[in-house]
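# Observations on the model geometry
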Amino acid sequence: MDWKLSDDRPIWLQLSQQLARRIVTGIYPPGSRLPSVRELAAAAGVNPNTMQRALAQLEQDGLAKADRTAGRLVTQDTTILEAVRTAEAQIVINQYFDAMAELGYSQQEAALLLREELK
Amino acid sequence: MSEQLITCQGLTKAYGHKAALSGVDLEVGRGRIVGLLGPNGSGKTTFIKLLCGLLQPTAGTLEVAGQPIGPATKSLISYLPDRMYFADWMRAVDLFDLFRDFYRDFDYSKALAMCASLGVEPGDRLKSMSKGTKEKVQLALVMARRAQLYLLDEPIAGVDPAARDFILHTILTNYNEEGTVLISTHLIADIEKVLDEAVFLKAGQVMLHNSVDNIRENEGKSVDALFREIFRATPMEGGEF
């Protein structure tokens, strides 16, 4: 999974969203140690302070917590992980509806087409 | 230790009757990567040369780590000039020897390690090197010092995009964490991701100084897009030199 940064939004925000995505998809499994700020910053080609801010946001969201010795651990709290996963899913669903709306489909029509697809 | 690393007030530098910098007030903290951005002739190199003590200000004050520019500040500053100042018969290792003699904070083994990772043969003479390779050697020289302030004047101007990424990566992974890196460039899109802060210079004055994320948040666009917008509006300004 590569880091993708777009031009229109703050970099730290995009980084924290992509880190969250990596956590809920299990790239960083529950309870595991996250790579260091320096490693992550180098991999994403961003400033360490920016990565630091993204990680601070993860802590605030409860997805990671600072370890007593060093670094950060991914949370093992399944309620939080599930909540973030649901929120991510909601974003994907909204993207679908937005794209379908551009093609002129109402939400009902779009949902119907999706159901047809499953048959 | 003073809080700000760079402090200047009313900093002015005139060449004859032409002001390259006029009344610059600026404060830059520690542990930051700062982009000094502006079109040609906006005063970027002049500002960097003032910090190095290569130029004397016409008016105003300039301090690094709470001290006026002088031998004490020079030992804190690692400077990458916008053009090569070494004789071309020298080998990279000769330069490393030179720097080891001149600077107490020069890490010889780190310079060699950087050469290896940059794919530069340290025994080669400068005259046999391509422009990009010379830039890499100079970068290794400058980044192998454990300096407080790194002044990089157009470090990526002459190299191809792949080498740019490589150079930026080298800067990111090698700077001293308590030190600040000031990078002057007009290739903003390439370096935007690595910057904490951006300083926009226009015709010798600071017109914007903010964090990259604040700029993106406030303007809804990248620093590069904002730069193009600001400097496109008045195409005749800022390019006098």
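Whatever comes next refers back to the structure up there.
Now for a description of the structure that goes with this document. Keep in mind that this is a model prediction, so the values were computed, not measured.

Moving on, we come to the interface of chain B and chain A. Chain B puts 20 residues into the contact, and the matching count from chain A is 20 residues. The contact between chain B and chain A buries some 1500 Å² in all, and 43% of this surface belongs to carbon and sulfur atoms. Per-residue buried area on chain B facing chain A is highest for B:Lys193, B:Asp213 and B:Arg216; these three make up 42% of the total on that side. Seen at the junction of chain B and chain A, the total is one salt bridge. The shortest N-O distance in the salt bridge between A:Asp7 and B:Arg216 comes to 4.0 Å. The set of elements that each furnish at least two residues to the side of chain B that touches chain A consists of α6 (161–174) and α8 (212–219) of chain B. Considering each element in turn, the side of chain B that touches chain A owes the most residues, four residues, to α8(B).

What follows concerns the nonpolar core. Core analysis: the largest hydrophobic core is formed by 57 residues, its most contacted members being A:Leu19, A:Met51, A:Leu58, B:Met143, B:Leu152 and B:Phe200. Take this core: its biggest share by element is six residues, from helix α1 (residues 11–24) of chain A. Look past the residues within four positions of B:Leu152 in its chain and what remains in contact with it is B:Ile48, B:Leu80, B:Val142, B:Met143, B:Ile171, B:Val181, B:Leu182, B:Ile183 and B:Ser184. Counting residues in each nonpolar core, the second largest holds 26 residues, with B:Phe47, B:Leu50, B:Leu55 and B:Leu62 among its members.

Residues and elements named next belong to chain B. Within the element layout of this structure, Phe96 appears in helix α3 (residues 92–102). Assessed through its relative accessible area of 0%, Phe96 is described here as buried. Other than its neighbours up to four places away in sequence, Phe96 contacts Phe106, Tyr108, Ala111, Leu112, Cys115 and Leu141.

Going through the model one piece at a time under the given rule, you end up with twelve aromatic pairs over all chains. Centre to centre, the rings of A:Tyr96 and A:Phe97 are 5.6 Å apart; their planes meet at 50°, and the pair counts as tilted. Each ring, one from B:Phe102 and one from B:Tyr103, has its centre 6.4 Å from the other, and the planes form 45°; the classification is tilted. Residue B:Tyr103 is classed as partly exposed on the basis of its relative accessible area, which comes to 26%. Among the aromatic residues, those joined into a cluster by ring pairs are B:Tyr85, B:Phe86, B:Phe96, B:Phe99, B:Phe102, B:Tyr103, B:Phe106 and B:Tyr108. Its guanidinium or amino end placed over the ring of B:Tyr175, A:Arg38 lies 5.3 Å from that ring's centre, counting from NZ or CZ. A cation over an aromatic ring shows up here: B:Arg145 above the ring of B:Tyr103, its NZ or CZ 3.6 Å from the ring centre.

Once that is clear, we can look at the sheet that holds strand β5 (residues 67–68) of chain B. Residue and element names in this part refer to chain B. The strand order β2-β1-β4-β5 describes an open sheet built from four strands, whose pairing is antiparallel. Across the chains shown, the open sheet's two edge strands, defined by having one partner strand only, are β2 (18–28) and β5. Relative to strand β4 (residues 59–64), strand β1 (residues 6–15) is paired through five bridges, and the arrangement is antiparallel. Within β4, the residue paired with Gln9 across the bridge is Thr61. The strands touched by helix α1 (residues 44–52) within the sheet are β1, β2 and β4, with β1 carrying the most contacts at an inclination of about 115°.

Procedures and definitions
Residues numbered from 1 in each chain as written. Chains lettered and ligands numbered in written order. Predicted model: local features only at pLDDT ≥ 70, side-chain atom pairs only at ≥ 80, totals over all residues. Heavy atoms only, no water. Contact = heavy atoms within 4.5 Å. Buried area = accessible area lost by both parts, 1.4 Å probe. Salt bridge = Lys/Arg side-chain N within 4 Å of Asp/Glu carboxyl O. Helix = DSSP H or I, 4+ residues; strand = E, 2+ residues; numbered from the N terminus. Core = buried A, V, L, I, M, F, W, Y, C linked by side-chain atoms within 4.5 Å. Buried < 20%, exposed > 50% of the residue type's maximum accessible area, 1.4 Å probe, protein only. Phe/Tyr/Trp six-rings, centres within 6.5 Å; stacked < 30°, edge-to-face > 60°. Lys NZ or Arg CZ within 6 Å of the ring centre and 35° of its normal. Pairing = 2+ DSSP bridges. Axes fitted to C-alpha atoms, helices over the stretch in contact; angles between N-to-C directions.

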